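# Inside the fold
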Amino acid sequence: MKTRVFSLIAVLLSTAVVLFSCKFGAAEPKNALSEFESNFDMMWSDDHFKTSEDGNTWLLSLDKETGCGFLTKQRYRFGWFSMKLKLVGGDSAGIVTAYYMCSDKDAAPERDELDFEFLGNRTGEPYVIQTNVYKTGVGNREMRHSLWFDPTEDFHTYSILWNSHQILFFVDRVPIRVYKNNNKPNDFFPNEKPMYLFSSIWNADDWATRGGLEKTDWKKAPFVSTFKDYKLDGCEWKDPYPECVSTTTEHWWDQYDSWHLTDSQKKDFAWVERNLVIYDYCKDTERFPKLPEECSLSPWD
Ligand SMILES: *[C@@H]1O[C@H](CO)[C@@H](O)[C@H](O)[C@H]1NC(C)=O
């Protein structure tokens, strides 16, 4: 008798476990609002930040008063950092939406940084995408590309692959920029400091559009850029002794195939080089009579 009661309880219990795990396991939609809250902090102006009702889409807005931005709570050293963005549409001249990684929460003089900046334009004129790399506070490594689609019409994926061999900037899986290491001590390849991931929107009408000639039209405010589907697969930095201090080949983003462009990436990259490059600091011999050291590294190696 005793054992029967026992097994009945066991059956009831296991049923409860199944019911419980259905309710709170896979079947439950994940709480995306708390997903934002558990992974990100606001950088400034919470009141210019909104999420969609289901919490899945994040809206950053800019008006005459201020823009806003958010950043990850954690820092990472190496990995894959990806997000879908839909940029301010219509008249977006003077406005910059940024998606970037930085070792510090402010413009610290010794910071490392990897930037995507989307430079708005007058209605009907194309956006330009600017990328840059900073090592110990020194940037000046701008590239500018045009895009093969209208980034205000739909969401597109922008990603950074970062390991100690190369940094790739991707637009929808197409590598638009390759930044190589020479794997010797150098002062151009950021690979020591862990970085936060940031997004922000701000006014930059002193330089962004046609070199600052086109000013922001505040009558069209607020300007809104929309974010969703962030994917972060990297080594989370933990003090005092972080796991990511030595590179391992445990993760796909740190394995041999991610140290170089793959064959299909080479095809895409060649197409980008032929068709989309507007500016490349490595070709600007007027600005750099002696080109920076990294400019001699081939993206094809
Ligand atoms: C804005 O449009 C003009 C005219 O088409 C173009 O020259 C410029 O590169 C575009 N983008 C920026 C950021 O200035």
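Residues numbered from 1 in each chain as written. Predicted model: local features only at pLDDT ≥ 70, side-chain atom pairs only at ≥ 80, totals over all residues.

Per an unreviewed UniProt entry, the chain carries the name Xyloglucan endotransglucosylase/hydrolase and comes from Papaver nudicaule. A UniProt comment under Function (unreviewed entry) is attached to the chain, and it reads "Catalyzes xyloglucan endohydrolysis (XEH) and/or endotransglycosylation (XET). Cleaves and religates xyloglucan polymers, an essential constituent of the primary cell wall, and thereby participates in cell wall construction of growing tissues." (UniProt positions renumbered as here; feature names shortened; annotations may be inferred.)

## So, the overall build of the chain
Each helix and strand counted, the chain has three helices and 15 strands in total. Across the 301 residues in the chain, those meeting the buried criterion constitute 32%. Contacts in the chain between residues far apart in sequence, at least 24 positions, make up 69% of those at least 6 positions apart. (Helix = DSSP H or I, 4+ residues; strand = E, 2+ residues; numbered from the N terminus. Buried ≥ 20, exposed ≤ 12 C-beta atoms within 10 Å, placed from the backbone. Contact = placed C-beta atoms within 7 Å.)

## A short note on the environment of Ser103
Its place among the elements puts Ser103 in the loop between strand S6 (95-102) and strand S7 (113-119). Spatially, the C-alpha atoms of Ser103 and Thr136 are 9.5 Å apart, while their sequence positions differ by 33 residues. Setting aside anything within four residues of it in sequence, one finds Ser103 in contact with Arg111, Asp112, Lys193, Pro194 and Met195.

## Here we look at the UniProt feature "glycosylation site" (unreviewed entry) in the chain
Under the local residue numbering, the UniProt record ascribes the feature "glycosylation site" (unreviewed entry) to Asn121. Along the chain, the position of Asn121 falls in the loop between S7 and strand S8 (128-134). On the basis of neighbour count, Asn121 is assigned to the buried category, with 21 C-beta atoms found within 10 Å.

## Some points on the site of the ligand
The environment of the ligand is made up of Leu119, Asn121, Glu125, Pro126, Val128, Ala208, Thr209 and Arg210. For the shell around the ligand, the per-class residue count stands at four nonpolar, two polar and two charged. (Near = placed C-beta within 6 Å. Nonpolar A, V, L, I, M, F, W, Y, C, P; charged D, E, K, R; others polar.)

## Description of the environment of Lys84
Note on placement: Lys84 falls in strand S5 (residues 76-86). Sequence separation of Lys84 and His156 is 72 residues, and the distance between their C-alpha atoms is 5.2 Å. When neighbours within four sequence positions are excluded, Lys84 is seen to be in contact with Phe155, His156, Thr157, Phe227, Lys228 and Asp229.

## Brief notes about unusual backbone geometry
Glycine aside, residues mostly have negative phi angles, and peptide bonds mostly take the trans form. The peptide bond linking Ala221 to Pro222 adopts the cis configuration, its omega dihedral lying at 0 degrees. Here Pro222 lies in the loop between strand S13 (196-203) and strand S14 (223-236).

## Looking at the nonpolar core
If you look at the biggest cluster of nonpolar residues, it comprises 51 residues, and the most contacted ones within it are Met101, Phe116, Ile160 and Ile167. Counting residues per element, this core draws most heavily on S6, which supplies seven residues. With near-sequence residues (within four places) excluded, Phe116 lies in contact with Ala98, Tyr99, Tyr100, Ile129, Thr131, Tyr158 and Phe169. (Core = buried A, V, L, I, M, F, W, Y, C linked by C-beta atoms within 7 Å.)

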